[in-house]
Amino acid sequence: MQGQVVLFQILNGVGIGMIYFLLSVGLTMIFGLMRFVNFAHGTLYLVGAYTAFSVSLLTGSMWWALAFGPLAAAGVALISERLILRHTYDMPHEAQILVTFALALIFQESIVLIFDPLAKNVPVPSLLSGIVFIGPFVYPAYRLAVVCAAAVIAVLLWFVLERTRFGAALRAGSESTEMVSLLGINVQQVFMVAFLVGGALAGFAGTLSAPLRGVEPFMGSEALGVAFVVVVVGGIGSYTGALLGGLLIGIVQSVASSLWPEGARLMIYGAMALVLLVRPAGLMGRS
Amino acid sequence: MDISRRTALLGGASLLASPMIARAQANKVDVVGVYSLSGTFANVGDLLNKGTVMAFEHYKTAAGKQINYTLLDDQGDAGRAVRRVQEAMGQGVRHVVGCTNSAIALAVAKEVQARGGIYIHMAGADEATGSQCNKASFRWPGASYTAIRATLEPFIQANPNAKRWYSITGQYVFGESLLTNARAVIQEKGLTNLGNSYHSLGEREYSGYITAAMAANPDVLAVLNFGNQTVDVVRQAVSFGLKRNVKIVVPWCTGLDQYQAWGSDIVDGVYFGVNYWHGVDGPGNRVLSEVVRAKTNGATNYLQACGWAVAQMFVEGANKAGSLDISDITKAMEGLTYEGPTGTETVRAEDHQVIKNYYLMRGKARSAMRDADDFAEILQATKAFLSPDQAGCKMG
C-alpha cells in the first residue's frame, strides 16, 4: 500500500509541478532574455486570479475567466513595462528589485482596497467538478484538466520558442542582446512581447489556480517564492529548465507530504540546495 | 536671554490654553487597539480593528468619558506590538484591547500588566487564561480546549459509527494545542487515531497531505489549523472527493467569512466549530448586527464580532465600575455578566475567561439556504471550558 501511495504522490506531484511550471516560465523567460529581476511577477498571478474571481462572479462562468484572466495580466504587464520597468533595464538589479517590489505592494494593497482582505471562492466549472478514479485513488477532474491545459501550453511554448522567428529572437536575445540588435531586430519590441507573454502565462496560472486555492490578496508573494525556486532549480532563462524544475519541486513536495509531512515545505528548498550543489547553474542552465 | 514679544505672547497663550487641554483630556479616555494592519495577518487584523472601531463609535463613552480610540499597527510582529504598547503607555494610555494572534497577545499581556494597565484580547491559545494568565488580562473567545470539546463531543455523539480518525494539523502552538485536545477526546471515547499529518505555517498546497489521509481510509478527517490554511485544506479535501465517504470536522472555524471563501458546494455537509454566528438571536447580537449591517450592508463575521466584543467588554466593565481606574475596572469585570454577541456572557473571576457559547455547525446544501449568508445550521451550543485549576491559572 505504501508503494501505491508513493506512486500516487508522484502522479499528484506532476499535477502540482505543471502549475508551478506555468507560474515560473514567464519569470525565467524575462530574466533569461533581459537579466531583469521581476519581483512583481507574483502580482501578475494575483491579477489573473482576481480577474477570474470577478469574471466568474459577474458571468457565473469560469470559461470567460480563462480568457480574461491572462488578458488582464498581460495588460498589467504591458502597461507596467511601458510606463515604469523599461526605464530600469539599465539600472543595477537592486534598483529593479526595489521598483518591482514596490509595484507588487501597490497592487496587493489595491486589491485589499477594491475587494477586501478576506479569501474568496472561485467555483470549479460544473463540467469539471467531479473526480476521476486512478486505481484505488481518486483525483479531482479539474486538477486533471489543469495538468492537460499546462501540458498544451508547454507544447505551444516549445513550438513558439523552437520553431518561430520570434522564438529564435528570444533565444538569441538570451545569449546576447547586442548581437541581436546588430542583426536589425528591434530588441525593445522583443522585450515588450516577452513581458506580455510572460504576464499572460502568469495570469493564466493565476486563473487556473483560482478554483483550486481560492483567491486572497497575499497569494502573489507566495507564488513568487515558488516561482523563484523553480527558476533557480531549472536554470535561469531555460524554458525546459522551468518545466523540469516545476515537475521536480512538485514531486518532491507531494512525496514528502506522505513520507515526512512536517518537512514537505522545507524539502522544496532542500531540493533547490541539492541541485545547486550538484549543478550550480541549475538543471538546464549554462554557467 | 532675549524674549521677543511674539515668544512672550505664545508662551502666555500656552499657559492659558493648558488648563483647557487638561479639562478636555479629563473628559476623554484613551484606548489603544493592537492589530496587524500589515504583514502576514493583515487580512485578519483589518477586520478585527473595524469591529473595535464600530463598537467604540456605537458606545461613544465609557464611565461617562468620551472614548478616544487609537490603532497601533504591530505589523504581525509580537516584538513590535510590545514596543508600540510601551510607547503608548509611556504617554499615559492604560486601556489596551485587541490582538491578531496568540503570540502577540501573550507578549502584550505581560507588558500591560507590568505597566499597570488593563488588556482585553481575543487570543486562541489556552495559555492566555491558563499558565500565562494574569490579573490585567481578559480573554473573550473560547480557546482550543473549548473548540475541541464543544465540537468533537457532540459530533461523536451524533455519529457513533465514525470511529477511525485522521487529522491534518498546522505545526505551530495553536495547531499543537488543538491536536493535543483532540487526541484526548479520541482516546477518552475509545476511538481509533489512524494518524496525523503536520504542515508548516507557510504551506499552501495540501493535495499530498490529503492523499496521505485518504490512504489511511478514515471515517473522519479533523482539520486542526486556522485562517486561510483551514480554507485551503478543506477546499482541497472536498475537491479530492473526501466528502463521499469521510466526514470532515473543522473545530476552529471563523464562520461566515470562511463559508463565503468556500462557497456552499464545499460547506455542505462539513462540520464546523465556531465562536460566533451572526444568526444567534439575543439582545447583544441584535445591536451588533444592526450596527455592522448599517456600516457594511452585510452580516457580521467572527472577526468583526471579536473586535466588537473586546471593546464592549471594556465599556461594560468601565460602566459597571463607574470609573476608569484600572483596579476599579478589573474588580468590576471579575464576575461581570452582560448581553454579548453570543447571548448572556460572564467573565469568570478566577482566570478572566469569558464563559460563552461555542457552536457546532453543519454546512447546508445550497437549496436549503434561506439567504446568501445562511450557509450552516447550529447543531449545538456548548459552554465547555477548562476550570482555572485544570488550565493552570495562578493569577498574578
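One numbering rule holds for all chains: residues counted from 1, following each sequence as written. Chains carry letters and ligands carry numbers; both start at the beginning, A for chains and 1 for ligands, and go up in the order they are written. Reporting in this predicted model follows two pLDDT cut-offs: at least 70 for local features of residues, and 80 or more for side-chain atom pairs to be given and counted; totals over whole chains, interfaces and linings ignore these cut-offs and use all residues.

1. Some points on the overall build of chain A
The criterion, for reference: Numbered from the N terminus, helices here are DSSP runs of H or I no shorter than four residues, and strands are runs of E no shorter than two. Using C-alpha atoms as the atom set, the radius of gyration is obtained and then compared with a globule rule of 2.2 Å times the number of residues to the power 0.38. Exposed residues have 12 or fewer other C-beta atoms within 10 Å of their own C-beta, buried residues have 20 or more, and residues in between are partly exposed; the C-beta atoms are placed from the backbone. Throughout, a residue-residue contact means that the two C-beta atoms, derived from backbone geometry, are no farther apart than 7 Å.
When its secondary structure is counted, chain A shows eleven helices and two strands. For chain A, the N- to C-terminal ordering of α and β elements is α-α-α-α-β-β-α-α-α-α-α-α-α. The C-alpha atoms of chain A give 19 Å as radius of gyration, which agrees with the globular expectation for 287 residues (19 Å, within 12%). Principal axes of the C-alpha set define a box for chain A whose edges measure 60 × 50 × 35 Å. Counting all 287 residues of chain A, 54% fall into the buried class. The contacts in chain A between residues at least 6 apart in sequence include a share of 75% that link residues at least 24 apart.

2. Some points on the overall build of chain B
The helix and strand tally for chain B stands at 14 helices and 16 strands. At 23 Å, chain B has a C-alpha radius of gyration in line with the 21 Å of a compact globule built from 396 residues. With the principal axes as the frame, chain B shows a C-alpha extent of 90 × 45 × 40 Å. Counting contacts in chain B only where the partners sit at least 6 residues apart, residues at least 24 apart contribute 69% of the total.

3. Some thoughts on helix H10 (residues 239-259) of chain A
We apply this condition: A helix's residues, less one, multiplied by 1.5 Å, set its expected span.
Helix length check: H10(A), at 21 residues, gives a terminal C-alpha distance of 30 Å against a target of 30 Å (1.5 Å per residue), a fit within 8%. Most of H10(A) is tucked away: 19 of the 21 residues are buried.

4. Side note on the environment of Cys133(B)
All names here are of chain B. Position of Cys133 among the secondary structure elements: in the loop between strand E5 (118-121) and strand E6 (137-139). Using a count of 24 C-beta atoms within 10 Å as the deciding quantity, one classes Cys133 as buried. Excluding anything up to four places from it in sequence, Cys133 contacts Ala128, Asp351, His352, Cys393 and Met395.

5. Considerations on the sheet that holds strand E11 (residues 271-274) of chain B
All names here are of chain B. Put simply, the test is: If DSSP finds at least two bridges between two strands, the strands pair. Axes here refer to lines fitted to C-alpha atoms; in helices the fit is confined to the stretch in contact. Angles between the N-to-C directions go from 0 to 180 degrees.
If you trace the seven strands from one edge of the open sheet to the other, you get E8-E7-E9-E10-E11-E15-E16, paired in mixed fashion. Each of the sheet's edge strands pairs with one partner strand only, and the pair in question is strand E8 (192-199) and strand E16 (376-382). Within the sheet, the average angular offset between the axes of one strand and its neighbour, ignoring direction, is 20 degrees. As paired strands, strand E9 (residues 220-224) and strand E10 (residues 247-253) are joined by three bridges and run parallel to one another. The partner of Ala222 across the bridge, within E10, is Val249. Sitting on the sheet, helix H5 (residues 144-158) touches E10, E11, strand E15 (358-363) and E16, and the angle it makes with E10 is about 155 degrees.

6. Observations concerning the interface of chain A and chain B
What counts, and what does not: Note on residue categories: nonpolar means Ala, Val, Leu, Ile, Met, Phe, Trp, Tyr, Cys or Pro, charged means Asp, Glu, Lys or Arg, and polar means any other residue, Gly included.
Facing 31 residues of chain A, the contacting portion of chain B comprises 33 residues. In terms of residue class, the side of chain A that touches chain B is built from 17 nonpolar, eight polar and six charged.

7. Observations concerning unusual backbone geometry
Residue and element names in this part refer to chain B. Residue Asn297 is not a glycine yet carries a positive backbone phi of 60 degrees. Structurally, Asn297 is set in the loop between helix H11 (283-296) and helix H12 (302-321). One non-glycine residue, His352, adopts positive backbone phi at about 65 degrees. For His352, the position within the fold is in the loop between strand E13 (343-347) and strand E14 (354-355). Given 24 C-beta atoms within a 10 Å radius, His352 is considered buried.

8. Structural notes on the pairing of E13(B)
Residues and elements named next belong to chain B. As paired strands, strand E12 (residues 337-340) and E13 are joined by four bridges and run antiparallel to one another. By the bridge assignment, Thr337 is partnered in E13 with Thr346. Linking E12 back to E13 in an antiparallel pair, the connection comprises two residues. As paired elements, E13 and E14 share two bridges and run antiparallel to each other. In the sheet register, Val347 faces E14, and the bridge partner there is Val354. Taken together, E13 and the strand that follows it, E14, pair antiparallel across an intervening segment of six residues, in which His352 is found at a positive phi of about 65 degrees.

9. A word on H11(B)
Residues and elements named next belong to chain B. This is how the line gets drawn: Comment: arc refers to directions from the helix axis out to C-beta atoms.
Compared with an ideal rise of 1.5 Å per residue, which puts 14 residues at 20 Å, H11 spans 20 Å between its outermost C-alpha atoms and is within 8% of the ideal. The set of residues buried in H11 consists of Gly284, Asn285, Leu288 and Val292. For H11, the arc enclosing every buried residue in end-on projection is 85 degrees, short of the 170-degree limit, so these residues lie on one face. In H11, the exposed residues that point more than 90 degrees away from the buried face are Pro283, Glu290 and Ala294. Contacts made by the buried residues of H11 are with helix H2 (42-59), H12, E12 and E13. Looking one or two residues beyond H11, the residue adopting positive phi is Asn297, at roughly 60 degrees.

10. A few points about the domain arrangement of chain B
Residue and element names in this part refer to chain B. To be explicit about the condition: Domain start and stop positions are those given by an automatic or database domain assignment.
Segmenting chain B into domains produces domain 1 (19-142 + 281-356) and domain 2 (145-274 + 358-388). Computed over C-alpha atoms only, the centres of domain 1 and domain 2 are separated by 29 Å. Taken together, the 15 residues of domain 1 in the interface contact 18 residues of domain 2. The class makeup of the residues in the side of domain 1 that touches domain 2 is six nonpolar, five polar and four charged.

11. Re the sheet that holds E5(B)
All names here are of chain B. The six strands are arranged E2-E3-E1-E4-E5-E6 in an open sheet whose pairing can be described as mixed. Each edge of the sheet is formed by a strand with only one pairing partner; in this case those strands are strand E2 (61-62) and E6. Sheet analysis places E2 next to strand E3 (residues 65-73), joined by two bridges and oriented antiparallel. Of the residues in E3, the one forming a bridge with Thr61 is Gln66. Against the sheet, helix H4 (residues 102-114) makes contact with strand E1 (28-35), strand E4 (95-97), E5 and E6, and its axis sits at roughly 165 degrees relative to E5, the strand it touches most.

12. Side note on the packing of H10(A) against helix H7 (residues 207-215) of chain B
Counted only if it meets this: Angles are sorted into four bins: roughly parallel if under 35 degrees, roughly antiparallel if over 145, roughly perpendicular if 65 to 115, and oblique for all others. In this scheme the crossing of two helices becomes right-handed for a clockwise turn of the near helix relative to the far one and left-handed for an anticlockwise turn of less than a right angle.
Where H10(A) meets H7(B), the axes come as close as 8 Å, and the angle between the chain directions of the two elements is 40 degrees. Judged by the angle between their axes, H10(A) and H7(B) are oblique. Seen along the crossing, H10(A) lies across H7(B) with a hand that is right-handed. Facing H10(A), whose interface residues are Gln253(A), Ser254(A), Ser257(A) and Ser258(A), H7(B) presents Ser207(B), Gly208(B), Tyr209(B), Thr211(B) and Ala212(B). Its residues assigned to classes, the contact of H10(A) with H7(B) comprises two nonpolar, seven polar and no charged.

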